[in-house]
Amino acid sequence: MTRQQRRLSRIRNFLDLERAGKRHLPRPIHGYVANAAEEGKSLAANRAAFDDYCFLPRALIDVSCVSLETELLGRHYAAPFGIAPMGISALSAYRGDLALARAAARANVPMVMSGSSLIPMEEVAAVEGCDWFQAYLPGDEPGIEALIARVERAGFRNLVITVDYPVPPNPDNNRRSGFSSPIRPTLRLALDGLVKPRWLYETFYKTLRHHGIPHFENNHATRGIPVISRHVNRDFSGRSHLDWNYLALVRERWPGNLVVKGILHPEDAQRAKTQGVDAIIVSNHGGRQLDGTIAPLRALPEVIEAVGDLPVMIDSGFRRGTDVLKALALGARFVFFGRPFNYAAAYAGEAGTSHAIHLMQEEIARNMALLGITDIRQMNMSRLRRVP
């Protein structure tokens, strides 16, 4: 057994990944990944929502053959889950976006590349099977049109527009951990890196040596600011005026599948459907934006009722295979995980990501068998009961 295999053998579930990520990453980088808005009420609600439901298994069913295969937006995937978009993941893991994309492609599950990533989208789109890109819209029509044209040229076919970020969230928790965007070089930051030698060499040093200081590569049609800078500020102020007219512009310009992420209100879901989107992701940004929001799992049934047969996906707070099955029973077509895969890539790169995908596939398949179902499409409300 190799050293890496021994390290991965200690990771048995996504909760282990969180602990491993905290041990591996410097304080500011871990603080960014783990960050939740203000008092963490949204984050806590996301996890607590799964306790609203319990399972009702059936006995003596032949479950010797279980299938997780799922169809979504015209493509068949090996499992009903994928990797959510995560900004600056190349600071957590060496070439993080590529590590995530390659592992996802090998396993035939989707990975959504973040618009706040540090590797040019064209490099990630070159990975066979990587065809999802998430964007935060620029604040003007020419900027939006130029970004959409670049995404199309790169070869992506699924464009995810995140709509729950009109202004940046409260930064107090990030400041407490020493994180800023861009990162400000300080003596404390240097000390935080020195006490994590594996990350310092395998991620930070190798990135600087082979690729130089990373930049925000994909927020616009052109290269953005460096991720480490003492004097440059990252400006989000130009987005606060965006409204439904801008989504209509995207729909007009984008020829592929258009997905809207960050929907919680059923009326917003209905309006997105009328504007011609192809799918919706119910999300509260993992509890990172507005504290005290409803958990996506609790918002899911009303959203599905509002949009009928439009595919509805979900993220935020998912950690177990049982979490995935509860969302599918409530009507979600697909589930996305964020932080756990960031930790997996940080801990062991592409191999860590592949290990995490395999762990979740095993959990879901095992739980399906224990429920008495053999096909993921059989997971419905007949297998759940709401806890009084």
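Here, every reference points to the structure presented above.
Reference entry: report on the structure contained in this document.

Definitions and cut-offs
Residues numbered from 1 in each chain as written. Predicted model: local features only at pLDDT ≥ 70, side-chain atom pairs only at ≥ 80, totals over all residues. Heavy atoms only, no water. Helix = DSSP H or I, 4+ residues; strand = E, 2+ residues; numbered from the N terminus. Rg over C-alpha atoms; globule rule 2.2 N^0.38 Å. Buried < 20%, exposed > 50% of the residue type's maximum accessible area, 1.4 Å probe, protein only. Contact = heavy atoms within 4.5 Å. Areas by Shrake-Rupley, 256 points an atom, 1.4 Å probe, with all protein chains shown as cover. Lys, Arg positive; Asp, Glu negative; His and termini not counted. Charge placed at Lys NZ, Arg CZ, Asp CG, Glu CD. Polar contact = N/O pair within 3.5 Å; in protein donor to acceptor, adjacent residues only side chain to side chain. Pairing = 2+ DSSP bridges. Right-handed = clockwise from strand over helix to strand, strands pointing away. Core = buried A, V, L, I, M, F, W, Y, C linked by side-chain atoms within 4.5 Å. Axes fitted to C-alpha atoms, helices over the stretch in contact; angles between N-to-C directions. Left-handed = near helix turned anticlockwise from the far one by under 90°. Nonpolar A, V, L, I, M, F, W, Y, C, P; charged D, E, K, R; others polar. Patch = residues over 30% accessible without salt bridge, like charges linked within 9 Å, V, L, I, M, F, W, Y side chains within 5 Å. Salt bridge = Lys/Arg side-chain N within 4 Å of Asp/Glu carboxyl O.

### Description of the overall build of the protein chain
(1) Moving on: Counting its secondary structure elements, the protein chain contains 15 helices and 12 strands.
(2) Moving on: For 388 residues, the compact-globule estimate of 2.2 N^0.38 gives 21 Å, and the C-alpha radius of gyration of the protein chain, at 20 Å, lies within 12% of that figure.
(3) Moving on: For the protein chain, the spread of C-alpha atoms along the principal axes amounts to about 65 × 55 × 40 Å.
(4) Moving on: Split into buried and exposed, the 388 residues of the protein chain put 56% on the buried side.
(5) Moving on: A separation of at least 24 residues holds for 75% of the contacts in the protein chain among residues at least 6 apart in sequence.
(6) Moving on: With the model as given, the accessible surface of the protein chain reaches about 16,900 Å², and the carbon-plus-sulfur share is 52%.
(7) Moving on: In the protein chain, the 48 positive side-chain charges and the 39 negative ones have mean positions that sit 9 Å from each other.

### Concerning the side chain of His24
(1) Moving on: Tracing the backbone shows His24 in helix α2 (residues 14-24).
(2) Moving on: Side-chain polar atoms of His24 contact the backbone oxygen of Ala346, separated by 3.0 Å.
(3) Moving on: Among residues more than four places away in sequence, those in contact with His24 are Lys196, Arg198, Trp199, Ala346 and Tyr347.

### What to know about unusual backbone geometry
(1) Moving on: Across the junction of Ser181 and Pro182, the peptide omega takes the value 0°, indicating a cis bond.
(2) Moving on: Residue placement: Pro182 occurs in the loop between α8 (172-177) and α9 (187-194).
(3) Moving on: One non-glycine residue, Leu73, lies in the positive phi region at around 50°.
(4) Moving on: By secondary structure assignment, the location of Leu73 is in the loop between β2 (70-72) and β3 (75-77).
(5) Moving on: Of note, the phi angle at Asn108 is positive, near 60°, even though the residue is not glycine.
(6) Moving on: Mapped onto the elements, Asn108 comes out in the loop between α5 (96-107) and β5 (112-113).

### Description of the pairing of strand β10 (residues 312-315)
(1) Moving on: Here β10 shows two buried faces, one formed by Val312 and Ile314 and the other by Met313 and Asp315.
(2) Moving on: The sheet contact formed by strand β9 (residues 279-282) and β10 spans three bridges and is parallel. By the bridge assignment, Ile281 is partnered in β10 with Met313.
(3) Moving on: Running through helix α13 (residues 296-307), the crossover from β9 to the neighbouring parallel element β10 is right-handed.
(4) Moving on: Here β10 runs beside strand β11 (residues 334-337); their pairing, made up of three bridges, is parallel. Across the sheet, Ile314 pairs through a bridge with Val335, a residue of β11.

### Topic: the nonpolar core
(1) Moving on: Counting residues in hydrophobic clusters, the biggest one holds 105 residues, and the most contacted among them are Leu159 and Phe341.
(2) Moving on: The greatest single-element share of this core, amounting to 14 residues, is contributed by helix α15 (residues 339-371).
(3) Moving on: Filtering out sequence-adjacent residues up to four positions away, Phe341 remains in contact with Phe14, Phe81, Gly82, Ile83, Met86, Leu100, Thr353, Ala356 and Ile357.
(4) Moving on: In terms of nonpolar packing, the next biggest core, distinct from the first, is built from 13 residues, Leu73, Ala84, Trp132 and Val160 among them.

### A short note on the pairing of strand β7 (residues 158-162)
(1) Moving on: Within β7, five of the five residues are buried, which leaves the element mostly enclosed by the surrounding structure.
(2) Moving on: Burial along β7 is two-sided: Asn158, Val160 and Thr162 and Leu159 and Ile161, pointing in opposite directions, are all buried.
(3) Moving on: Alignment of strand β6 (residues 132-135) against β7, held across four bridges, turns out to be parallel. Considered in β7, the bridge of Phe133 is made with Leu159.
(4) Moving on: Handedness of the β-α-β unit built from β6, helix α7 (residues 141-154) and β7 comes out right-handed.
(5) Moving on: Pairing of β7 with strand β8 (residues 257-263), which is carried by five bridges, proceeds in the parallel orientation. Residue pairing across strands places Ile161 opposite Val260, the latter belonging to β8.

### Topic: the packing of α7 against helix α11 (residues 244-253)
When two helices pack together, their arrangement is given by the angle between the helix axes and by the axis-to-axis distance.
(1) Moving on: Orientation of α7 relative to α11, taken along the N-to-C sense of each, is 35°, at an axis distance of 10 Å. α7 and α11 meet at a crossing whose hand is right-handed. Taking contact as the criterion, the partners of Glu141, Ile144, Glu145 and Ile148 in α7 are, on α11, Tyr246, Leu249, Val250 and Arg253.
(2) Moving on: In terms of residue class, the contact of α7 with α11 is made up of five nonpolar, no polar and three charged.

### Describing a positive patch on the surface
(1) Moving on: Judged by side-chain charge, Arg3, Arg6, Arg10 and Arg23 come together as a positively charged surface patch.
(2) Moving on: Inspection of the secondary structure puts Arg3 in helix α1 (residues 3-9).
(3) Moving on: Arg3 sits in the exposed class, given a relative accessible area of 57%.

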